[in-house]
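Structural features, examined
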Amino acid sequence: MTDQATRLRQMVGSESAAAASPVTPAQAEAWAHVRVVAITSGKGGVGKTNLAVNLAIALQRRGHRILVIDADLGMANVDILLGASSRRHLLDLLRPDVQLDDVIVETGYGIQYISGGSGIEKALEYDHAEKVLLQQKLADCAARADLILVDTGAGLGRNVMDFILAADEVLLVTTPEPTSLTDAYAVMKAYSIYAAQKNLRLIINRVYEQKESREVALKLQRAAEKFLHMPVDCLGYVFEDTSVTKAVRKQLPLLKAEPNAAAARCIDALAESLLTGGEMRVKRGWKGFLQQIFNFST
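So, how was this worked out
Numbers given to residues run from 1 along each chain, matching the order in which its sequence is written. The predicted nature of this model means local features are confined to residues of pLDDT at least 70 and side-chain atom pairs, given and counted, to a pLDDT of 80 or more, with totals for whole chains, interfaces and linings taken over all residues. For the side-chain quantities, the full set of heavy atoms in the structure was used; hydrogens and water were omitted. Every axis corresponds to a line fitted to the C-alpha atoms, with the helix fit spanning only the stretch in contact, and the corresponding angles, defined between N-to-C directions, vary from 0 to 180 degrees. What counts as a helix is a DSSP run of H or I of at least four residues, what counts as a strand is a run of E of at least two, and both are numbered from the N terminus. A clockwise turn of the near helix away from the far one marks a right-handed crossing, whereas an anticlockwise turn of less than a right angle marks a left-handed crossing. Note on definitions: a residue-residue contact is assigned when non-hydrogen atoms from the two residues lie within 4.5 Å. Note that Gly is not counted as nonpolar here; it falls among the polar residues with everything else outside the nonpolar set of Ala, Val, Leu, Ile, Met, Phe, Trp, Tyr, Cys and Pro and the charged set of Asp, Glu, Lys and Arg. Three exposure classes are used, based on accessible area relative to the maximum for each residue type with a 1.4 Å probe and protein chains only: buried under 20%, partly exposed in between, and exposed over 50%. Residues enter a patch when their relative accessible area is above 30% and they make no salt bridge; the linking distance is 9 Å between like charges and 5 Å between nonpolar side chains (Val, Leu, Ile, Met, Phe, Trp, Tyr). Computed by Shrake-Rupley with a 1.4 Å probe, the accessible areas treat only the displayed protein chains as cover when residues are assessed. Any Lys or Arg side-chain nitrogen found within 4 Å of a carboxyl oxygen on Asp or Glu counts as a salt bridge. N or O atoms closer than or at 3.5 Å make up a polar contact, with two conditions inside protein: a donor-capable atom paired with an acceptor-capable one, and, for residues adjacent in sequence, both atoms drawn from side chains. Classification of ring pairs uses Phe, Tyr and Trp, with its six-membered ring standing for Trp, and accepts pairs whose centres are within 6.5 Å; under 30 degrees between planes counts as stacked, over 60 as edge-to-face, and the remaining range as tilted. Pairs of strands are assigned from DSSP output, requiring at least two bridges between the strands. Put simply, buried Ala, Val, Leu, Ile, Met, Phe, Trp, Tyr and Cys residues joined by side-chain atoms within 4.5 Å make one nonpolar core. The quantity called pLDDT is the predictor's confidence in a given residue, expressed from 0 to 100.

**Digging into the packing of helix H9 (residues 178-194) against helix H10 (residues 210-228)**
Where H9 contacts H10, the two axes come as close as 11 Å, and the packing angle between them is 35°. Between H9 and H10 lies a crossing of right-handed hand. Residues Leu181, Ala184, Tyr185, Met188, Lys189 and Ser192 of H9 form the contact with H10, whose participating residues are Val216, Lys219, Leu220, Ala223, Ala224, Phe227 and Leu228. Classifying every residue of the contact of H9 with H10 by side-chain character gives 10 nonpolar, one polar and two charged.

Okay, structure coming up:
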């Protein structure tokens, strides 16, 4: 079975690169206990990064040390959603004078993150020496966190697949829209072909009721079983909620801006399910129904 250290080496380079840069016993011990979760989507605009940031906060509130790596290189959306800014980004680690401490940002929400930067085009197309250097500098991330959330880019680009295939588990975010489902299936197909150890779960975002999420998940699950021969579980769902947009405009995480909103309660339940493996159950309720109806256009 592929161990955690191997997966992390895969994230930043090939096995040959890793062999040229042996880790210390202390680093290997830390790697064995960290959990790496990639959050991805088939297309942009489905709420992936918003979910990643708020899920990180919900997990931190349960006593876990959380590090978010913004691997959506070139977008830097994690910065925006946290109302923060970073002087350094992930690819600055390729500079000899930049160390891990220089790129990790401590936030007021108890979580740490590494920015993906903005306007980066080279992304992960590194040569051998760059891969070795990046691996060396990222090695100590595992000593800083119990759980690392990797917010990938959308789609099937090489960089996205690198991170997806390197993670312990993958959360695939989709919405009920047909185009989103088609693109989500494309990610599932690629993952089924290339992942050595398959561990992918769905999150259905922007649904109006729990029944809708079950129907959407079932479509993808049936397609995965029939054509990909891969079982796919559904971690849960997030209700359509105008509070999400309002929080983004304020550059505040939803769990901070509107902790009692329907979507916030869903994300909190997702965090619990991620940790315990239990089934998520959140109902919108009558109050939530009325708020959704009368505030939908605001």
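**Things to note about unusual backbone geometry**
Phi angles above zero are rare outside glycine, and arginine 206 is one such case at about 60°. Its relative accessible area of 39% is what places arginine 206 among the partly exposed residues. A positive phi is found at glutamine 251, a non-glycine position, where the angle reads about 55°. As for its position among the elements, glutamine 251 is in the loop between helix H11 (242-249) and helix H12 (254-257).

**A short note on a nonpolar patch on the surface**
A cluster of nonpolar residues, Leu165, Ile193 and Tyr194, forms a patch on the protein surface that exposes about 320 Å² of accessible area. When you line up the elements, leucine 165 lands in helix H8 (residues 158-166).

**As for the environment of serine 86**
The residue serine 86 is located in the loop between helix H5 (77-82) and helix H6 (100-103) in this model. In this structure serine 86 comes out as partly exposed when scored by relative accessible area, which is 23%. In the structure, serine 86 is positioned 18 residues away from isoleucine 104 in sequence and 8.5 Å away in space, judged by C-alpha atoms. Leaving out residues up to four positions away in the same chain, serine 86 has contacts with Asp79, Val105, Tyr113 and Ser115. Reaching out from serine 86, the side chain makes a polar contact with the side chain of aspartate 79 at a distance of 3.0 Å.

**Examining the packing of aromatic side chains**
This structure, assessed with the given rule, holds one aromatic pair. Judged by centre distance (5.5 Å) and plane angle (55°), the ring pair of tyrosine 237 and phenylalanine 239 falls under tilted. Judged by relative accessible area, which is 3%, tyrosine 237 ranks as buried. Take phenylalanine 239: its relative accessible area is 3%, and that puts it in the buried class.

**A short note on the sheet that holds strand E4 (residues 112-114)**
Read across the open sheet, the eight strands follow the order E3-E4-E2-E5-E1-E6-E7-E8; overall the sheet is mixed. Where the open sheet ends on each side, the last strands, each with one partner, are strand E3 (104-106) and strand E8 (233-239). This sheet shows a mean twist of 25° between the axes of neighbouring strands, independent of strand direction. Where E3 and E4 come together, three bridges link them in antiparallel fashion. Bridging from a neighbouring strand, valine 105 pairs with tyrosine 113 of E4. The sheet strands contacting helix H4 (residues 48-60) are strand E1 (35-41), strand E2 (66-71), strand E5 (147-154), strand E6 (169-174), strand E7 (200-207) and E8, and the helix crosses E5 at an angle near 175°. Where H8 meets the sheet, it contacts E1, E2, E5 and E6, and its direction lies at approximately 155° from that of E5.

**What about the nonpolar core?**
Among the nonpolar cores identified, the biggest contains 92 residues, and Leu55, Ile114, Leu149, Met188 and Leu202 are the most heavily contacted of them. Element by element, the count of residues in this core is highest for helix H13 (residues 262-276), at nine residues.

**Here we look at the environment of alanine 129**
Mapping alanine 129 onto the fold places it in helix H7 (residues 128-138). Exposure remark for alanine 129: the relative accessible area of 54% places this residue in the exposed category. For the pair alanine 129 and leucine 94, spaced 35 residues apart in the sequence, the C-alpha separation amounts to 9.5 Å.

**Remarks on the pairing of E5**
With seven of eight residues buried, E5 lies mostly within the body of the structure. Two elements, E2 and E5, share six bridges in a ladder whose sense is parallel. The residue bridging leucine 67 from the neighbouring strand is isoleucine 148, located in E5.

**Quick look at the confidence of the model for the protein**
Model confidence for the protein is summarised by a mean pLDDT of 85, while 80% of its residues fall at 70 or above. Confidence, expressed as mean pLDDT per element, reaches its minimum in the protein at helix H2 (residues 15-19) with 40 and its maximum at E7 with 98. Counting interchain partners and residues more than four positions distant, the pLDDT-below-50 stretch residues 1-22 has 43 contacts.

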